[in-house]
Amino acid sequence: MARSGLAGAARVARWADAALGPGRGSATAAGRAILSDATVEWAAEDLGLTPAQVRADWDTARLAGLIEVHGDTARPGWRLRAWDRDDSAVLRGWVALFDAWSLAHPEPEDHGPAAVGEVVSAMPQVLSFLQLSAGPVPVPQLLDLLQQRVTELRTERCEVDYGPRPSGTAHPERSPEPEPGPAVPAPTLALAGPGADDVPLAPLLDWALRALAAVGALTCGEGQATLTPLGSWAVWVKLEQICVAAQSPAGNIEQGAEDMLRGCAQLRPNAARAEYRAWLAARPVGSAVTELLDAARGEDALLRGLAFEALRVVGAPAEPEVRAVCDEPTLRPYALLWLAEHKGADPEDAHEVLTRAEATWLWVDTAAAVADHGEAPLLVRHLESAVQPTVPALLNEVRAVGHPRTVQVLVALAAAHPDPALAKAVRRAAFQVHTGG
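In this text the structure is predicted, and so the values were computed from the model without any measurement. (Residues numbered from 1 in each chain as written. Predicted model: local features only at pLDDT ≥ 70, side-chain atom pairs only at ≥ 80, totals over all residues. Heavy atoms only, no water.)

(A) Structural context of the overall build of the chain. Assigned secondary structure in the chain consists of 22 helices and nine strands. Across the 437 residues that make up the chain, the buried fraction comes to 41%. The contacts in the chain between residues at least 6 apart in sequence include a share of 62% that link residues at least 24 apart. Summed over all atoms, the accessible surface of the chain reaches about 23,300 Å², with 55% contributed by carbon and sulfur. (Helix = DSSP H or I, 4+ residues; strand = E, 2+ residues; numbered from the N terminus. Buried < 20%, exposed > 50% of the residue type's maximum accessible area, 1.4 Å probe, protein only. Contact = heavy atoms within 4.5 Å. Areas by Shrake-Rupley, 256 points an atom, 1.4 Å probe, with all protein chains shown as cover.)

(B) Region of the structure containing the layout of surface pockets. There is about 1,200 Å³ of room inside the largest pocket. Lining of the largest pocket is provided by 33 residues; of these, Arg79, Arg92, Gln241, Val285 and Pro317 occupy positions nearest its centre. Listing elements by their share of the lining of the largest pocket, those giving two or more residues are β4 (73-76), α5 (78-82), α6 (87-99), α11 (229-246), α13 (269-281), α14 (285-296), α15 (301-314) and α16 (319-324). Ranked by residue count, the leading element in the lining of the largest pocket is α11, at seven residues. For the second largest pocket, the calculated volume is near 1,100 Å³. Lining the second largest pocket we find 37 residues, and of these Gly305, Leu306, Glu309, Tyr334 and Thr366 sit closest to its centre. Those elements giving two or more residues to the lining of the second largest pocket turn out to be α13, α15, α17 (332-342), α18 (356-373) and α19 (376-382). The biggest single contributor to the lining of the second largest pocket is α18, with eight residues. (1 Å grid on protein atoms, 1.4 Å probe; cavity = no way out; pocket = protein on both sides within 12 Å on 5 of 7 lines; lining within 4 Å. Points joined across faces, edges and corners; volume = space filled by probe spheres on them.)

(C) Region of interest: the pattern of salt bridges. This model, assessed by the stated rule, comprises 19 salt bridges. Between arginine 297 and glutamate 328 there is a salt bridge whose closest N-O contact spans 2.9 Å. Linking arginine 297 in the loop between α14 and α15 with glutamate 328 in the loop between α16 and α17, this pair joins segments that are 31 residues apart in sequence. Taking the relative accessible area as the measure of exposure, arginine 297 reaches 38% and is therefore partly exposed. On the basis of relative accessibility, which here comes to 26%, the residue glutamate 328 falls in the partly exposed class. (Salt bridge = Lys/Arg side-chain N within 4 Å of Asp/Glu carboxyl O.)

(D) Examining the environment of alanine 282 more closely. Note on placement: alanine 282 falls in the loop between α13 and α14. By relative accessible area, alanine 282 is classed as partly exposed at 42%. Taking the C-alpha atoms as reference points, alanine 282 and glutamate 254, 28 residues apart in sequence, are found 8.5 Å from one another.

(E) Structural context of the pairing of strand β9 (residues 224-227). Burial along β9 is one-sided: the face carrying Ala225 and Leu227 is buried and the face carrying Gln224 and Thr226 is not. Note that strand β8 (residues 218-221) and β9 share four bridges and pair antiparallel. Its bridge partner lying in β9, cysteine 220 is registered against alanine 225. Here β8 hands over to β9 after two residues, with glutamate 222 in that stretch at a positive phi of 55 degrees. (Pairing = 2+ DSSP bridges.)

(F) How the structure looks around the sheet that holds β8. An order of β5-β9-β8 is seen for the three strands of this open sheet, with the pairing classed as antiparallel. Bordering the open sheet on either side are β5 (137-138) and β8, each of which pairs with just one other strand. The pairing of β5 with β9 spans two bridges and is classified as antiparallel. From the neighbouring strand, valine 137 faces β9, where its bridge partner is alanine 225.

(G) Focus on the packing of α18 against helix α21 (residues 406-416). Two elements in contact, α18 and α21, have axes whose closest approach is 9 Å; the angle formed by their N-to-C orientations is 60 degrees. Here α18 is positioned oblique relative to α21, judged by the angle of their axes. Considering only the axes of α18 and α21, their crossing is left-handed. On α21, the residues that touch Trp363, Val364, Ala367, Ala368 and Ala371 of α18 are Thr406, Val409, Ala412 and Leu413. Classifying every residue of the contact of α18 with α21 by side-chain character gives eight nonpolar, one polar and no charged. (Axes fitted to C-alpha atoms, helices over the stretch in contact; angles between N-to-C directions. Parallel < 35°, antiparallel > 145°, perpendicular 65-115°, else oblique. Left-handed = near helix turned anticlockwise from the far one by under 90°. Nonpolar A, V, L, I, M, F, W, Y, C, P; charged D, E, K, R; others polar.)

(H) Representation of the packing of aromatic side chains within the structure. Inspection of every chain in the model, using the stated rule, returns four aromatic pairs. Aromatic side chains tryptophan 15 and tryptophan 42 sit 5.2 Å apart centroid to centroid with 80 degrees between the ring planes, which places their arrangement in the edge-to-face category. A residue pair is termed long-range when its members are at least 10 positions apart, and tryptophan 15 in helix α2 (residues 7-19) and tryptophan 42 in helix α3 (residues 37-47) qualify at 27 residues. The exposure class of tryptophan 15 is buried, given its relative accessible area of 11%. Tryptophan 42 gets classed as partly exposed once you look at its relative accessible area, which sits at 34%. (Phe/Tyr/Trp six-rings, centres within 6.5 Å; stacked < 30°, edge-to-face > 60°.)

(I) Spotlight on α14. Taking 1.5 Å as the rise per residue, α14 with 12 residues should run 16 Å; its terminal C-alpha atoms sit 17 Å apart, in good agreement. Along α14, the residues classified as buried are Ala288, Val289, Leu292, Leu293, Ala295 and Ala296. Take α14 and look down its axis: the buried residues cluster within an arc of 155 degrees, on one side only. Summarising the contacts, the buried residues of α14 are in contact with α12 (257-264), α13, α15 and α16. (Expected span 1.5 Å × (residues − 1). Arc of directions from axis to C-beta.)

(J) Up close: the environment of alanine 367. Assignment of secondary structure puts alanine 367 in helix α18. Alanine 367 sits 45 residues away from alanine 412 along the chain, and the two C-alpha atoms are 9.3 Å apart. Ignoring any residue separated from it by four or fewer positions in sequence, one finds alanine 367 in contact with Leu379, His382 and Val409.

(K) The packing of α18 against helix α20 (residues 391-401), seen in detail. Between α18 and α20, whose axes approach to 9 Å, the crossing angle comes to 90 degrees. By the angle between their axes, α18 is roughly perpendicular relative to α20. Judged by residue contacts, Arg356, Ala357, Thr360, Trp361, Trp363 and Val364 of α18 engage Leu394, Glu397, Val398 and Val401 from α20. Considering only residue class, the contact of α18 with α20 consists of seven nonpolar, one polar and two charged.

Okay, here's the thing in structure tokens:
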């Protein structure tokens, strides 16, 4: 369903990638990454579409992340690159469109932004009710639920009507009882505020349902609304994310990435992954990945390893950012391993993508984490994970790799190793590195 619904958007995105790449033309007009009239005509002719269809598919591609806008330029998104080989990229693209349903279908022009904003804020509860109902729901029932939710939102904001008062009314607590009059119809909600008129919610609910139907989340007919299987799945996933975030096992959900990783350092792997999922569920993916990479750039090698474990939980959306840090010496070995595993390599064989120097650098970095946070026997056992066949060969390459923690790691290893001769050789190597030898 997601591939079918986004087929037109993917087609226009691929055309733009091929026809409007660097040096082949300009896609935009007025510096806003909006297709120019000439480009629309060009695409319509090449693809056999009308100009209106091209513009609609372009906008859908932007909302679904198939095209990413940066300032006044647009370029293919990672989802377009992964479209044919990664079903999760297609589903994430559709969820991005689903999240932007209010942008995909213009709101009624005769309603103010405040009323539209309140309806958009209230619709998640309406969608949750549709999901839990697991079948058609009469529109009047949804209208009643929408009115209740908008009223709750206004009550939570403690809004007070500061509009004109009848003469002689100085204080609200002394206001006389209003004269009897006709009752306000159920689908109408009074919006407090200076000079605000009563805003009927029925047209806004009708707009919201039509917009959600346009993106493929639900169907409407005969006065009823029903979630599509795709819409039901998306709402269920969001409900599940809320539950996961609310049940953060170690209570680190409100912490920054660095503090969260420190809190996970003593957890078993499964418990740590559950904590990563809860932490990620409470944040936009982009900002979460940025936070994790910033934590990985710090001096604590343990946090570096944990940050990339958390990025494994993120999966495909982290790929562009992880690929971008491959040029940073501190993060390169971790990033290369992450990318190899993401492409399907067995974790036990992923180290084969590293050069000998990169593997040695990673060995020193991991040893630094063990020296800072582990016990002496762990550091001794860490020798077994080195790619070098002998300790002298390891020491020679460790001295050459230039890791900033080399001296501390070798001193700690010499202090921990039970073999006096080997410990002496390691201390000598530490001294040579310390003195520049």
